[in-house]
4 protein chains.
Amino acid sequence: MCAKKRDTRKIILDAALKLFSEKGFSATTTREIAYEARCAEGTIFRYFPTKKDILISLARPAALHGLKQVFEDLPETNDKTVLQSIIENRLKVISENMKLLKVIITEAQFHEEIRKEVYENIGAEILGALAGYIEKRIDKGIFRPLDSVIAARIFGGMFLSFLISKYMLPPEKFDEEDQKVYLQEIVNIFLHGIVKKEGDNT
Amino acid sequence: MCAKKRDTRKIILDAALKLFSEKGFSATTTREIAYEARCAEGTIFRYFPTKKDILISLARPAALHGLKQVFEDLPETNDKTVLQSIIENRLKVISENMKLLKVIITEAQFHEEIRKEVYENIGAEILGALAGYIEKRIDKGIFRPLDSVIAARIFGGMFLSFLISKYMLPPEKFDEEDQKVYLQEIVNIFLHGIVKKEGDNT
Amino acid sequence: MCAKKRDTRKIILDAALKLFSEKGFSATTTREIAYEARCAEGTIFRYFPTKKDILISLARPAALHGLKQVFEDLPETNDKTVLQSIIENRLKVISENMKLLKVIITEAQFHEEIRKEVYENIGAEILGALAGYIEKRIDKGIFRPLDSVIAARIFGGMFLSFLISKYMLPPEKFDEEDQKVYLQEIVNIFLHGIVKKEGDNT
Amino acid sequence: MCAKKRDTRKIILDAALKLFSEKGFSATTTREIAYEARCAEGTIFRYFPTKKDILISLARPAALHGLKQVFEDLPETNDKTVLQSIIENRLKVISENMKLLKVIITEAQFHEEIRKEVYENIGAEILGALAGYIEKRIDKGIFRPLDSVIAARIFGGMFLSFLISKYMLPPEKFDEEDQKVYLQEIVNIFLHGIVKKEGDNT
DNA sequence: GATGAATGAGGCTTCATTCAT
DNA sequence: CATGAATGAAGCCTCATTCAT
């Protein structure tokens with residue numbers, strides 16, 4: 001009785017995710033969601049009391065789980081190439097969750113509930129993992145001493161700028177080669193910027 | 001009876017800007033805009049054929065003009081403290097336009113017209129100015145050779161992470177001191193990451 | 001649970017027909033139609049994308065079909081009394097569709113779509129049938145040779161003048177007796193006017 | 001103080017007439033009338049308390065005067081060619097007033113005030129003149145005895161069918177030649193239909 | 001559990017009318 | 001007299017939500 005039956009709830013969530021990411025939450029109608037999910041409009045309300053509850057469900061820990069992996073369990077080898085290749089791998093996870101990320105980032109501005117979920121998950125846990133990694137490297141004297149949370153956020157911002165370029169620029173303005181160089185430079189700049197240098201006591 | 005007759009158009013634009021930035025474009029009603037602008041709903045449509053036209057007017061080059069100066073005419077003294085203080089100064093312009101910036105960034109995702117406006121103003125011109133500055137420093141052998149556009153974007157992302165922290169985090173989690181340190185670290189990491197080092201031939 | 005579920009579409013069409021014929025298309029509001037149809041305003045738009053689509057649906061061939069029979073299959077006995085009684089009989093069809101006819105004729109002036117529908121139905125087919133009848137009588141030498149289409153239109157005009165008198169004059173100015181005489185004279189004048197006379201070589 | 005000043009009232013009436021005849025009364029906005037009359041919207045209301053009053057003013061005796069001429073002062077020569085040529089001449093008056101006629105006929109259905117004006121002017125006077133003419137011919141034994149009012153209305157209907165053909169059919173379907181024949185046949189049918197014949201005692 | 005017709009509040013927009021200049 | 005900005009009621013239409021089947 002477990003796996004087989006068409007999981008309507010999941011289907012509706014997927015449909016909503018697709019549409020929210022394309023048109024935004026307010027501009028998406030329940031009728032469109034029903035059509036995309038190939039179910040009746042009424043069915044949606046058997047699973048979600050309210051349209052807004054669909055949005056909130058998308059920001060639930062379970063849904064965000066995919067995103068958490070991005071900065072989790074970072075190995076402590078700091079060699080430039082290793083870090084870069086890891087980041088490239090993680091990018092796959094991001095790409096798979098891009099639609100969700102877009103919805104979350106956009107709607108978090110306007111909905112307290114989403115914002116809270118984001119802080120407690122992405123904010124605390126995800127960036128926390130990265131900050132933890134940075135902390136350890138500082139302790140080992142490899143990175144210079146700085147606020148690891150701030151450093152993690154800055155790195156997140158660099159990464160974000162990559163995502164913005166990748167997903168909002170027209171493809172001809174940001175090709176495969178650009179992407180590769182971009183990621184290399186993020187790692188370069190960040191590592192060079194954070195690494196401890198002889199005689200540096202800032 | 002002197003010059004300043006109540007400029008209704010401007011008042012409506014301001015009201016819309018406030019509400020769009022608080023609730024998003026779709027979630028803001030023309031009735032709310034009218035109420036905020038203290039005019040009749042019908043009056044709005046004497047100045048804007050369509051609700052969407054209010055949004056577009058907000059994103060017009062004229063509106064974005066203020067933001068252009070942020071990275072324009074950067075002095076070529078590269079000393080860390082100078083750069084940092086400059087950036088702090090420019091931040092005032094950003095802060096004054098933050099509401100607009102938020103609306104523009106959010107709605108650019110969903111409206112082709114806005115997106116174009118953004119590319120041609122924020123994208124091309126602003127980041128272009130920063131890229132030009134970086135280019136000159138590379139030529140002088142101060143920065144290591146890298147793609148100046150990518151570097152500019154990365155810096156933009158770092159900056160963006162600051163804005164996100166400043167405007168989305170609850171104030172008690174990001175106080176004046178945090179902000180100062182954050183900006184310092186952006187400059188530190190970026191400069192150290194981009195500067196040419198002895199024996200570096202990456 | 002049997003067959004006849006409340007046919008909302010038909011009910012809305014009937015309500016619209018009544019109101020359009022009383023107040024005209026533009027002066028009728030969808031709220032009034034909903035009230036007359038005893039349904040919610042929103043319900044109307046489940047069946048018709050647009051108010052104008054209600055009007056167009058009213059003018060669809062299906063709706064005009066009833067009117068086509070008016071001059072169809074006219075027997076070729078030309079005796080005055082026969083023709084007159086026939087016309088009186090057909091009048092029933094007209095009367096039953098008078099509201100529709102009024103709407104169609106009125107709105108055809110302003111809506112291209114309606115006009116086309118009218119030409120292809122009332123114009124071409126109905127008058128065509130009458131013209132065909134006239135043609136046959138000409139061939140038999142009973143009517144004098146003339147343009148049968150024009151003759152049909154002229155007859156239509158005579159008939160129209162009757163309808164105008166019947167439906168626009170206050171009833172006390174156009175009683176049963178008047179109607180009878182009016183129809184007799186239409187037939188008289190038309191037949192005398194169209195019949196071939198000895199020594200007539202117009 | 002009499003002739004020279006731009007007669008705003010007349011200009012507004014003309015503008016309204018043009019638009020009412022093109023789009024109908026309800027579908028015409030005061031803004032459009034103001035634009036067509038090259039005056040401010042507010043100016044309209046200095047001359048007409050209400051939009052509807054513009055319409056009513058159009059149906060005033062003074063405005064209808066032109067139309068009255070059509071059947072007035074008919075000479076009593078009944079010769080076919082004379083009558084036909086007269087009608088052709090009168091047609092000029094009709095053409096000049098066609099816009100007004102269209103508005104009057106259309107809106108009379110929906111506005112009591114207009115309807116009354118039409119009865120008392122067009123109905124009584126215009127058709128009355130024609131009926132008087134017919135009466136005289138009957139008295140002289142040239143037309144057979146019949147209800148002259150009905151006969152006048154029937155003739156009016158024939159004429160109306162001509163106007164409908166002329167103003168609603170696409171021009172290529174109703175050329176100059178058609179028009180000439182049409183008018184000839186109206187006269188033919190009417191005269192032959194109404195004339196007294198030997199041995200006719202209907 | 002699923003459906004989809006029905007609802008009615010409310011959204012965007014229009015428009016006749018008013019009124020200060 | 002003329003103007004045209006402002007009004008707000010009302011029009012058309014949308015949409016989240018309900019409910020009988």
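For the structure itself, look to the data block above.
Residues numbered from 1 in each chain as written. Chains lettered and ligands numbered in written order. Predicted model: local features only at pLDDT ≥ 70, side-chain atom pairs only at ≥ 80, totals over all residues. Heavy atoms only, no water.

Within chain A, the regular secondary structure consists of ten helices and zero strands. Evaluated residue by residue, chain A yields a buried proportion of 48% over its 202 residues. Contacts spanning at least 24 positions in sequence make up 67% of the contacts within chain A whose residues lie at least 6 apart. Total accessible area on chain A is roughly 10200 Å²; 54% of this is exposed by carbon and sulfur atoms. (Helix = DSSP H or I, 4+ residues; strand = E, 2+ residues; numbered from the N terminus. Buried < 20%, exposed > 50% of the residue type's maximum accessible area, 1.4 Å probe, protein only. Contact = heavy atoms within 4.5 Å. Areas by Shrake-Rupley, 256 points an atom, 1.4 Å probe, with all protein chains shown as cover.)

Looking now at the nonpolar core. One finds Ile134 of chain C together with Ile134 of chain D to be the most contacted residues of the largest nonpolar core, which totals 127 residues. Residues contacting Ile134 of chain D, with those up to four places away along its chain left out, are Phe143, Leu146, Ser148, Ala151, Ala152, Phe190 and Ile194 of chain D. (Core = buried A, V, L, I, M, F, W, Y, C linked by side-chain atoms within 4.5 Å.)

Its rotation angle being 180 degrees, the transformation that places chain A on chain B also includes 0.0 Å of axial translation and leaves an RMSD of 0.4 Å. Each copy turns onto its partner about a two-fold axis. A share of 100% of interface residues in chain A that are also interface residues in chain B marks the association as one of identical surfaces. (Least-squares fit on C-alpha atoms with pLDDT ≥ 70 in both.)

Counted under the stated rule, the structure contains 28 aromatic pairs over all chains. Taken together, the aromatic side chains of Phe155, Phe159, Phe162, Phe174, Tyr182 and Phe190 of chain A make up a single cluster linked through ring pairs. Lying over the aromatic face of Phe25 of chain C, Lys51 of chain C brings its terminal NZ or CZ to 4.4 Å of the ring centre. (Phe/Tyr/Trp six-rings, centres within 6.5 Å; stacked < 30°, edge-to-face > 60°. Lys NZ or Arg CZ within 6 Å of the ring centre and 35° of its normal.)

A word on the protein's contact with DNA strand E. Neighbouring DNA strand E are 30 residues; Thr30 of chain B, Thr8, Arg46 and Tyr47 of chain C together with Thr30 of chain D lie closest to it. Taking the atoms of DNA strand E that fall within 4 Å of the protein, sugar and phosphate contribute 64% of them. Ala40 of chain A is positioned with one of its backbone polar atoms (N or O) 3.3 Å from a phosphate oxygen of DNA strand E. Within the backbone of Thr28 of chain B, a nitrogen or oxygen atom sits 3.4 Å from a phosphate oxygen of DNA strand E. Split by residue class, the surface near DNA strand E holds eight nonpolar, 16 polar and six charged. (Near = heavy atom within 4 Å. Polar contact = N/O pair within 3.5 Å; in protein donor to acceptor, adjacent residues only side chain to side chain. Nonpolar A, V, L, I, M, F, W, Y, C, P; charged D, E, K, R; others polar.)

Moving on, we get to the pattern of salt bridges. For the structure shown, the criterion picks out 28 salt bridges over all chains. Across the salt bridge formed by Arg144 of chain A and Glu185 of chain B, the nearest N and O atoms sit 3.3 Å from each other. Placement of Arg144 of chain A in the loop between helix H8 (112–139) and helix H9 (148–168) and of Glu185 of chain B in helix H10 (residues 176–194) is noted, with the two residues assigned to different chains. What makes Arg144 of chain A buried here is its relative accessible area of 5%. Taking relative accessible area as the criterion, Glu185 of chain B reaches 9% and is therefore assigned buried. We note a salt bridge from Arg115 of chain C to Glu112 of chain C, for which the minimum N-O separation is 2.7 Å. Linking Arg115 of chain C with Glu112 of chain C, this pair stays in helix H8 (residues 112–139), spanning three residues, or about one helical turn. (Salt bridge = Lys/Arg side-chain N within 4 Å of Asp/Glu carboxyl O.)

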